[in-house]
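If you want the building blocks of each chain, they are given just below.
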Amino acid sequence: MHYIQAMPMMILAVLGAWHMYSWLTYSGIGTLVQHIGVLALAVLMGTFALFLRNPEGEALRYAAGILGPVRMRLVGASCFLLGAIHFIGLVRAEPLFLQMGFLILILAYFETAGMANGFFRAYSGEIAPITASTLKRLVLKQLGILGLVFVLSAALLYVSLMAVVGFTATWTVALLAAGMILALVFMARARNL
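Residues numbered from 1 in each chain as written. Predicted model: local features only at pLDDT ≥ 70, side-chain atom pairs only at ≥ 80, totals over all residues. Heavy atoms only, no water.

A. Examining the packing of aromatic side chains more closely. The full count for this structure, using the stated rule, is two aromatic pairs. Between Trp18 and Phe102, the ring centres sit 5.4 Å apart and the planes meet at 90°, which makes this aromatic pair edge-to-face. Residue Trp18 is found in helix α1 (residues 3-25), and its partner Phe102 is found in helix α5 (residues 96-118); the two are separated by 84 residues along the sequence. On the basis of an interplanar angle of 90° and a centroid distance of 6.0 Å, the ring pair of Phe87 and Phe102 is categorised as edge-to-face. With Phe87 in helix α4 (residues 71-89) and Phe102 in helix α5, this residue pair connects regions lying 15 residues apart in the sequence. (Phe/Tyr/Trp six-rings, centres within 6.5 Å; stacked < 30°, edge-to-face > 60°. Helix = DSSP H or I, 4+ residues; strand = E, 2+ residues; numbered from the N terminus.)

B. Focus on the nonpolar core. Leu15, Val75, Cys79, Leu82, Ile106 and Tyr109 are the most contacted members of the largest nonpolar core, which totals 27 residues. Of all elements in the fold, only α1, α2 (32-51), α3 (58-67), α4 and α5 reach the threshold of two or more residues within this core. Contact partners of Tyr109, with chain neighbours within four places excluded, come to Pro8, Ile11, Leu12, Leu15, Gly46, Val75, Ser78, Cys79 and Leu82. (Core = buried A, V, L, I, M, F, W, Y, C linked by side-chain atoms within 4.5 Å. Buried < 20%, exposed > 50% of the residue type's maximum accessible area, 1.4 Å probe, protein only. Contact = heavy atoms within 4.5 Å.)

C. Seen up close, a nonpolar patch on the surface. On the surface, Val139, Leu140, Leu143 and Leu146 cluster together into a nonpolar patch covering about 360 Å² of accessible area. Relative to the elements of secondary structure, Leu140 occurs in helix α7 (residues 132-165). Classification of Leu140 by relative accessible area gives exposed; the value is 55%. (Patch = residues over 30% accessible without salt bridge, like charges linked within 9 Å, V, L, I, M, F, W, Y side chains within 5 Å. Areas by Shrake-Rupley, 256 points an atom, 1.4 Å probe, with all protein chains shown as cover. Salt bridge = Lys/Arg side-chain N within 4 Å of Asp/Glu carboxyl O.)

D. Molecular detail of the packing of α2 against α5. α5 packs onto α2 with a crossing angle of 25° between their chain directions and a minimal axis gap of 9 Å. Relative to α5, α2 is oriented roughly parallel. Along its contact with α2, which presents Gly46, Ala49 and Leu50, the element α5 presents Tyr109, Ala113, Ala116 and Asn117. Split into classes, the residues belonging to the contact of α2 with α5 amount to five nonpolar, two polar and no charged. (Axes fitted to C-alpha atoms, helices over the stretch in contact; angles between N-to-C directions. Parallel < 35°, antiparallel > 145°, perpendicular 65-115°, else oblique. Nonpolar A, V, L, I, M, F, W, Y, C, P; charged D, E, K, R; others polar.)

This is how it looks when you write it as structure tokens:
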């Protein structure tokens, strides 16, 4: 395991511990088995996306071939599950600023996992032709993605704050949820540009 892979896994462990602590502290909805099951699925998806590469067995090699093109989508689905179980399970129970911190930590997990997957060839020993222009392009791409994700996350936090402040009618909550999903879709799309 390389330290670039260890960073997202540590953040994922912190997210899981944070969620369970908050759920037990603020007595969220759902059962313990449901929360542990969803967290285990999110961790499993993140682990497969980061570590299932060049395995030994035939079945694992087949699974790695299938997962190859969708690695970041698995990380995105893992983030979605973490956010869903946390925000739905603790609806109006956890303080708003703690939820914003949880969302920022989810974004940090997504970005570090993206960087670990993006630079896999550099730390795996495979031949990676790096020139000065390639390195400059990679750094500019990462900075652009981080900037775009920051803007979209600020929009998400603003929409979340509007929902907490008092929009309680069914159509306004649905409209805000649609806006949040749209911002998440744009975030996922930004990672693929």
